[in-house]
Amino acid sequence: FAAGLNYWQQGAGNYWGHNAIIRMSPFLASCSLPVLPGREPLGGRILSHDFVEAALMRDAGWEVWFAYDLEGSYEGLPPNLTEYIKRDRRWAQGNLQHVWFLLADRVQPISRLHLVQGILAYSSAPILVLFVFLGGIQAAIDHFRGHASSIPLASAIVLALLTLLLLFGPKVLSLLHVFSQPDLLRRFGGAKRALAGVVMETLFSILTAPLLVWFHTRFVLKNIAGQKVVWNTQTRGAETGPGWVQTLLEYWPVPVAGVFFGILAWWISPLYLLWITPLLLGLWLAIPIAQLSGRSAVLRNLFL
């Protein structure tokens, strides 16, 4: 993924993580962050500053390269899904603030594209919910009128193929990239473990994607409603996640909503329920998924 991103970005890349690891004089001279108009959450102090700093560096005439081939990283992921979602709550507010920079005079087109992508990382969730909602209404209208689906079969097939290409194309290209470099493949544990890792990551992503859509939609709506978040220190390095009771208290609305949507989909049409099951499955299994995400030793023992 990183190699492909670097291929397309070239010298118009972004900072990843907190910011540039080495604060050289061009960074110090160019990356003073402004205070945004209005109040938080969409105004005030900038929370997600790395994309903005990269845009300021580009405006000052410097190139920003993504060093994708470095071994290791100083930016560790949160240790479980709960902490990951808490971090996303802060990032959602920070990325939505970037709307202001789309109106700025000296932001270069490539930087505007990066900022749009960052905004869509969270605002795409309510857009997807609206898409599914409108699709459900159309399915209900077609079913109760006794009509076949009003969506042409060819269009549905094209949409499905494009979706599969966008979701799984980067994974296939990543595998080809790793398998083309024997030394890199050995660092991933060899062919079998690399393939097993891709399969497990794909399954986990399918199950967690509906959960992230659920929470990201809530975050965007809360920000629009004026609820702001405080940027606190992130939890790192924990081997286990929250206990079952805490997970149940935090996630119980998700499977309840999933069951409700499943009953509603069945009422519309059993075929429609089958079509929407990949989205509902992650909601139904939200609590065990959140628990498993914090049990790194389970999968480590399985593969080692």
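None of these values were measured; they are calculated from a predicted model.

Scoring rules and cut-offs
Residue numbers restart at each chain and count upward from 1, following the sequence in its written direction. It should be noted that, the model being predicted, local features are given only for residues of pLDDT at least 70 and side-chain atom pairs only at 80 or more, the latter also being counted only at that level, while totals for whole chains, interfaces and linings use all residues. With hydrogens and water excluded, all non-hydrogen atoms of the structure serve as input to the side-chain values. For the purposes of this entry, the term helix denotes a DSSP run of H or I that reaches at least four residues, the term strand denotes a run of E that reaches at least two, and both are numbered from the N terminus. Partly exposed describes any residue whose relative accessible area lies between the buried limit of under 20% and the exposed limit of over 50%, with all areas from a 1.4 Å probe on protein chains only and scaled to the type maximum. The contact rule is simple, with two residues in contact once any of their heavy atoms fall within 4.5 Å. For every accessible area listed, the method is Shrake-Rupley and the probe measures 1.4 Å; residues are considered covered only by the protein chains on display. A residue's pLDDT is the confidence the predictor assigns to it, expressed on a 0 to 100 scale. We define a nonpolar core as any set of buried Ala, Val, Leu, Ile, Met, Phe, Trp, Tyr and Cys residues linked to one another through side-chain atoms lying within 4.5 Å. Salt bridges are counted wherever a side-chain nitrogen of Lys or Arg sits within 4 Å of a carboxyl oxygen of Asp or Glu. Each patch groups residues whose relative accessible area exceeds 30% and which form no salt bridge, using 9 Å between like charges and 5 Å between nonpolar side chains of Val, Leu, Ile, Met, Phe, Trp and Tyr.

Some remarks on the overall build of the protein chain
Step number 1: The number of helices and strands found in the protein chain is 13 helices and 0 strands.
Step number 2: Across the 304 residues in the protein chain, those meeting the buried criterion constitute 36%.
Step number 3: In the protein chain, 77% of the contacts between residues at least 6 apart in sequence involve partners at least 24 apart.
Step number 4: Put simply, the protein chain shows about 18,900 Å² of open surface, and 70% of that area lies on carbon and sulfur atoms.

Details of the confidence of the model for the protein chain
Step number 1: Averaged over every residue, the pLDDT of the protein chain is 81; the share at 70 or more is 87%.
Step number 2: No element of the protein chain has a lower mean pLDDT than helix H13 (residues 296–303), at 65, and none a higher one than helix H10 (residues 253–268), at 90.

Brief notes about the nonpolar core
Step number 1: Ranked by size, the top nonpolar core spans 26 residues in total, and within it Leu81, Ile85, Leu211, Phe215, Tyr251 and Ile276 carry the most contacts.
Step number 2: Listed by contribution, the elements that provide at least two residues to this core are helix H4 (81–96), helix H5 (109–144), helix H8 (191–224), H10, helix H11 (270–284) and helix H12 (286–293).
Step number 3: Filtering out sequence-adjacent residues up to four positions away, Ile276 remains in contact with Val132 and Ala265.
Step number 4: With 7 residues, the next largest nonpolar core counts Ile46, Phe51, Val52 and Val107 among its residues.

Points about the pattern of salt bridges
Step number 1: Going through the model one piece at a time under the given rule, you end up with 4 salt bridges.
Step number 2: Between Lys171 and Glu201 there is a salt bridge, with the nearest N and O atoms lying 2.7 Å from each other. Here Lys171 is found in helix H6 (residues 153–179), whereas its partner Glu201 is found in helix H8, with 30 residues between them in sequence.
Step number 3: Exposure remark for Glu201: the relative accessible area of 37% places this residue in the partly exposed category.

Section: a nonpolar patch on the surface
Step number 1: On the surface, Ile157, Leu161, Leu164, Leu167, Phe168, Val199, Met200, Leu203 and Ile206 cluster together into a nonpolar patch covering about 790 Å² of accessible area.
Step number 2: Contributions of two or more residues to the nonpolar patch are made by H6 and H8.
Step number 3: For the nonpolar patch, the leading source of residues is H6, giving 5 residues.
Step number 4: With respect to the helices, strands and loops of the structure, Ile157 is situated in helix H6.

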